[in-house]
There are 2 protein chains.
Amino acid sequence: MNPVRQGVDVGGTTIKGLLVDADDTVLEQWTEQTPRDDRTGEQTIATIVSRIEASRWRTGIEAIGIVVPGLVDEDKGICRQSVNLGWKDVAVAGPLGDALRLPIAFGHDVRAGALAEARTGASARTPGVAAFLPIGTGLAAAYTHNGEVLTFGGLAGEVGQIRLLQGPHAGSTIEDIASAGAIARRLGVPNARRATDLVRAGDPAAVAVWNDALVILADVIAWITVTVGPELVVIGGGLSASADLLLPALTQGLAARVADAPLPTIVKAAHGVSAGAVGAAQLAADVLRKGARQ
Amino acid sequence: MNPVRQGVDVGGTTIKGLLVDADDTVLEQWTEQTPRDDRTGEQTIATIVSRIEASRWRTGIEAIGIVVPGLVDEDKGICRQSVNLGWKDVAVAGPLGDALRLPIAFGHDVRAGALAEARTGASARTPGVAAFLPIGTGLAAAYTHNGEVLTFGGLAGEVGQIRLLQGPHAGSTIEDIASAGAIARRLGVPNARRATDLVRAGDPAAVAVWNDALVILADVIAWITVTVGPELVVIGGGLSASADLLLPALTQGLAARVADAPLPTIVKAAHGVSAGAVGAAQLAADVLRKGARQ
């Protein structure tokens, strides 16, 4: 039987599940609400366990990859800190493995998304460095080099945590203004798609909020360009659904900000909002491969 | 006899030479003016050759490491482009090796400085990533990870090339305002040391120019922090001579700009303005070691 892997991407608002076979063909997708105020992570893990238990005998899952936002200790399977989940030192891989008795791969959501885009997505044929920048509930980046994820540690990729010191948004972080979540929140609409609909309709308040975000996102891409030198910048997350509106403005903004130099191309993520879950399933596949070699 | 290596750092205004033995002990230092308007590089190479020829029989040089600013092709020994030198596709390693009949190592000035600091300088005991930021004629960064230089290609490290879009310096690049050269030029003094003397004396024009530079340099370090996540930021170049004035302001500026997170420590380069030449000599040593293994 073709081995089946479950990728799970735990986000601030939803948990995304993706069931893939050995050829990365998607067999099934599911979504659950992320339990609120779950500081111990117990409810979140229970939600995932019951969802997987319901289908595992039918689907024959052989390994699970789970990814979370924040600071993660991949080897120990612990989420050290996650502002979006309200977690601090939450063990994930251990409890999940104990409950399901399956091999568990644990990772970081943005780095997993970068891996997915580099292996089977927008940056699959990029020589050199590719940057993956998902613009969703949060705003962070990860990098791949010849298909391998670059893991630096520290604050690497936490571009949303820059605090603005001047202008009308002084005191806010970049994530507070330029993430998809922030754009929707500032306009009082349920999601970024509704916000971009208003922008397309020429709504002045929406255009103002959108332009605020564009200025910051172009800054982010310019600084990623002069610090890590990517050939390609892959935009993911919820805002990638509005790539037609976003990419030309960001390309122009980047050219205005970086003097006389070959600039990276800015493209849309091939896996869209599923990049993290696809990458999680690929981490699960790596665990099986590693196990088979031992 | 103890093998002797010559490190050569070709800068926009001076060429620095450093003669070291196998224990990295400095035996001799020299400086030459960089020939002006030397678009073919011939005069620059002739200057280096005659300087080395004058002492080689006495000192017994066994290998030369030479580093230049800009975009370099290390394997081919070619400087692809250097704004500071006015070079485009200038072959360096070939002509130098032909003239001196010695093994030549060719590299990038900032990455060589980062290597020197990581091997025998300020970041020698840093786990994880260290960023090296020389503030001199130009402004650029390079990174090491567990003592190895990270080579990304593209515009990686070219932080001075960000163009300011707003404020009194709109249209200028960061390097035009915040490099040591720019600070001196804006005040009409011969070098940054004279500028910082004026700042210490409370000269209002000097304080204004200094504060302009500090704001930008703190931005640079904040963005390096959230993109590559260094544990340590090592300040080099001419401005590192004024570390007592610079480092407290940059440390405070970084804390204001990055929200709630463990921040890198900012320190002075151990090798000061010689970091590039020390790194060049280390590249020469690597070439000898590699040759011995073959």
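What you are looking at is a predicted structure, and each value in this text was computed from that prediction instead of being measured.

Undergrad: Hey, could you go over the overall build of chain A for me, with residue numbers and the actual values?
TA: Helices and strands together make up the secondary structure of chain A, namely nine helices and 13 strands. For 294 residues, the compact-globule estimate of 2.2 N^0.38 gives 19 Å, and chain A sits close to it at 19 Å. Based on the C-alpha atoms only, the size of chain A along its principal axes is roughly 55 × 40 × 35 Å. Burial analysis of chain A (294 residues in total) assigns 56% to the buried set. Within chain A, contacts between residues at least 6 apart in sequence are counted, and of these 61% link residues at least 24 apart. Accessible surface for chain A amounts to roughly 12,200 Å². Of this, 49% is attributable to carbon and sulfur atoms. The average position of the 25 basic charges and that of the 30 acidic charges among the side chains of chain A differ by 1 Å.

Undergrad: Account for the interface of chain B and chain A, with residues named and values stated.
TA: How large an interface is tends to be reported as the accessible area lost when its parts come together. Across the contact, 36 residues belong to chain B and 36 residues belong to chain A. Buried area between chain B and chain A, both sides added, is near 3,000 Å², and the carbon and sulfur share of it is 67%. Joining chain B to chain A, the criterion identifies zero salt bridges. Across the contact surface, chain B and chain A share eleven residue pairs in polar contact (both at pLDDT 80 or more). A per-element tally of the side of chain B that touches chain A places helix H7 (residues 204-228) of chain B first, with eight residues.

Undergrad: Provide a residue-level description of the nonpolar core, including the pertinent values.
TA: One finds Leu-133 and Ile-235 of chain A together with Leu-133 and Ile-235 of chain B to be the most contacted residues of the largest nonpolar core, which totals 99 residues. Setting aside anything within four residues of it in sequence, one finds Leu-133 of chain B in contact with Leu-139, Ala-140, Ala-141, Val-159, Val-220, Ile-221, Ile-224, Val-234, Ile-235 and Gly-236 of chain B.

Undergrad: Break down the packing of aromatic side chains for me, citing the residues and quoting the values.
TA: Counting across every chain of the model gives four aromatic pairs over all chains. Here Trp-223 of chain A and Trp-223 of chain B contribute two aromatic rings whose centre-to-centre distance is 5.8 Å and whose plane-to-plane angle is 0°, an arrangement assigned as stacked. Taken as a pair, Trp-223 of chain A in helix H7 (residues 204-228) and Trp-223 of chain B in helix H7 lie in two separate chains rather than in one. Comparing Trp-223 of chain A with Trp-223 of chain B shows no difference in burial state: the two are buried. A centroid spacing of 6.2 Å and a plane angle of 45° characterise the contact between Tyr-143 of chain B and Phe-152 of chain B, whose relative ring orientation is tilted. The two residues Tyr-143 of chain B and Phe-152 of chain B agree in class, both being buried. Through pairs of rings, three or more aromatic residues link up here, namely Tyr-143 and Phe-152 of chain A together with Tyr-143 and Phe-152 of chain B.

Undergrad: Quick one: what's the story with the sheet that holds strand S4 (residues 61-68) of chain B, residue by residue and with numbers?
TA: Strand pairing in a sheet takes place through backbone hydrogen bonds and is either antiparallel or parallel in direction. Residues and elements named next belong to chain B. With respect to topology, five strands assemble into an open sheet ordered S3-S2-S1-S4-S8, the strand pairing being mixed. Every interior strand has two partners, whereas the edge strands, strand S3 (26-33) and strand S8 (104-108), have only one. Here the average twist between neighbouring strands, direction ignored, is 15°. Pairing analysis gives five bridges linking S4 to S8, with the strands arranged parallel. Its bridge partner lying in S8, Ile-64 is registered against Ile-104. Against the sheet, helix H2 (residues 93-100) touches S4 and S8, its axis set at about 150° to S8.

Undergrad: Hey, could you go over the environment of Pro-168 of chain B for me, with residue numbers and the actual values?
TA: Residues and elements named next belong to chain B. Summarising the element assignment, Pro-168 is placed in the loop between strand S11 (148-150) and helix H4 (174-178). Residue classification places Pro-168 among the exposed positions, given a relative accessible area of 80%. Put simply, Pro-168 and Asp-212 are 44 residues apart on the chain and 10.0 Å apart in space, counted from C-alpha to C-alpha.

Undergrad: Tell me about the pairing of strand S13 (residues 265-268) of chain A, and name the residues and values.
TA: Residue and element names in this part refer to chain A. As paired elements, strand S12 (residues 232-236) and S13 share four bridges and run parallel to each other. Each residue of the ladder has a partner; that of Val-234, found in S13, is Val-267. A crossover connection joins S12 to the parallel S13 through helix H8 (residues 243-257); in handedness this β-α-β unit is right-handed.

Undergrad: Got a sec to walk through the domain arrangement of chain A? Specific residues and values, please.
TA: Residue and element names in this part refer to chain A. You can read the domains of chain A as domain 1 (4-112 + 274-293) and domain 2 (125-269). Here the C-alpha centre of domain 2 lies 26 Å away from the C-alpha centre of domain 1. Contacts between the two partners involve seven residues from domain 1, matched on the other side by eleven residues from domain 2. In total, about 750 Å² of surface goes out of reach between domain 1 and domain 2, with carbon and sulfur atoms giving 65% of it. Its largest share of buried area at the contact with domain 2, domain 1 owes to Asn-84, Val-110 and Arg-111, together 62% of the area lost on that side. Counting across the interface, domain 1 meets domain 2 through zero salt bridges. Here domain 1 is connected to domain 2 by zero residue pairs in polar contact (both at pLDDT 80 or more). Looking at side-chain class alone, the side of domain 1 that touches domain 2 contains three nonpolar, three polar and one charged residues.

Undergrad: Explain the relation of the copies chain B and chain A to me, and be specific about the residues and the numbers.
TA: For the pair chain B and chain A, the superposition axis carries a translation of 0.0 Å, the fit reaches an RMSD of 0.0 Å, and the rotation angle comes to 180°. Taken together, these values place the two copies in the relation of a two-fold axis. The overlap is high: 100% of the interface residues of chain B also sit at the interface in chain A, so the same surface is used on both sides.

Undergrad: How would you summarise the packing of helix H6 (residues 192-200) of chain B against H7 of chain B if you had to cite specific residues and measurements?
TA: All names here are of chain B. Their axes nearest at 8 Å, the elements H6 and H7 cross at an angle of 115°. Relative to H7, the element H6 is oriented roughly perpendicular. Between H6 and H7 the crossing geometry is left-handed. Contacts between H6 and H7 pair Ala-195, Thr-196, Leu-198 and Val-199 from the former with Ala-206, Val-207 and Trp-210 from the latter.

Undergrad: Describe the sheet that holds strand S10 (residues 142-145) of chain A, listing the residues and the values that go with them.
TA: Residue and element names in this part refer to chain A. Here we have five strands laid out as an open sheet, ordered S11-S10-S9-S12-S13, and mixed in their pairing. On the outer flanks of this sheet lie strand S11 (148-150) and S13, each paired with one strand and no other. Adjacent strand axes in the sheet meet at a mean angle of 30°, parallel and antiparallel pairs treated alike. Judged from the five bridges that link them, strand S9 (residues 129-134) and S12 form a sheet pairing that is parallel. Within S12, the residue paired with Phe-132 across the bridge is Val-234. This element, helix H3 (residues 109-120), spans S9, S10, S11 and S12 of the sheet and lies at about 35° to S10. Strands S9, S10, S12 and S13 of the sheet are contacted by H7, whose axis makes an angle of about 155° with S9.

Undergrad: Summarise the packing of H7 of chain A against H7 of chain B; cite the residues concerned and give the values.
TA: As a packed pair, H7 of chain A and H7 of chain B sit with axes 10 Å apart at the nearest point and diverge in direction by 80°. The orientation of H7 of chain A relative to H7 of chain B falls into the category roughly perpendicular. Residues Val-220, Trp-223, Ile-224, Thr-227 and Val-228 of chain A of H7 of chain A touch H7 of chain B, and the partners they reach there are Val-220, Trp-223, Ile-224, Thr-227 and Val-228 of chain B. Here the contact of H7 of chain A with H7 of chain B is built from residues that sort into eight nonpolar, two polar and no charged.

Analysis parameters
Residues numbered from 1 in each chain as written. Chains lettered and ligands numbered in written order. Predicted model: local features only at pLDDT ≥ 70, side-chain atom pairs only at ≥ 80, totals over all residues. Heavy atoms only, no water. Helix = DSSP H or I, 4+ residues; strand = E, 2+ residues; numbered from the N terminus. Rg over C-alpha atoms; globule rule 2.2 N^0.38 Å. Buried < 20%, exposed > 50% of the residue type's maximum accessible area, 1.4 Å probe, protein only. Contact = heavy atoms within 4.5 Å. Areas by Shrake-Rupley, 256 points an atom, 1.4 Å probe, with all protein chains shown as cover. Lys, Arg positive; Asp, Glu negative; His and termini not counted. Charge placed at Lys NZ, Arg CZ, Asp CG, Glu CD. Buried area = accessible area lost by both parts, 1.4 Å probe. Salt bridge = Lys/Arg side-chain N within 4 Å of Asp/Glu carboxyl O. Polar contact = N/O pair within 3.5 Å; in protein donor to acceptor, adjacent residues only side chain to side chain. Core = buried A, V, L, I, M, F, W, Y, C linked by side-chain atoms within 4.5 Å. Phe/Tyr/Trp six-rings, centres within 6.5 Å; stacked < 30°, edge-to-face > 60°. Pairing = 2+ DSSP bridges. Axes fitted to C-alpha atoms, helices over the stretch in contact; angles between N-to-C directions. Right-handed = clockwise from strand over helix to strand, strands pointing away. Domains from an automatic or database assignment. Nonpolar A, V, L, I, M, F, W, Y, C, P; charged D, E, K, R; others polar. Least-squares fit on C-alpha atoms with pLDDT ≥ 70 in both. Parallel < 35°, antiparallel > 145°, perpendicular 65-115°, else oblique. Left-handed = near helix turned anticlockwise from the far one by under 90°.

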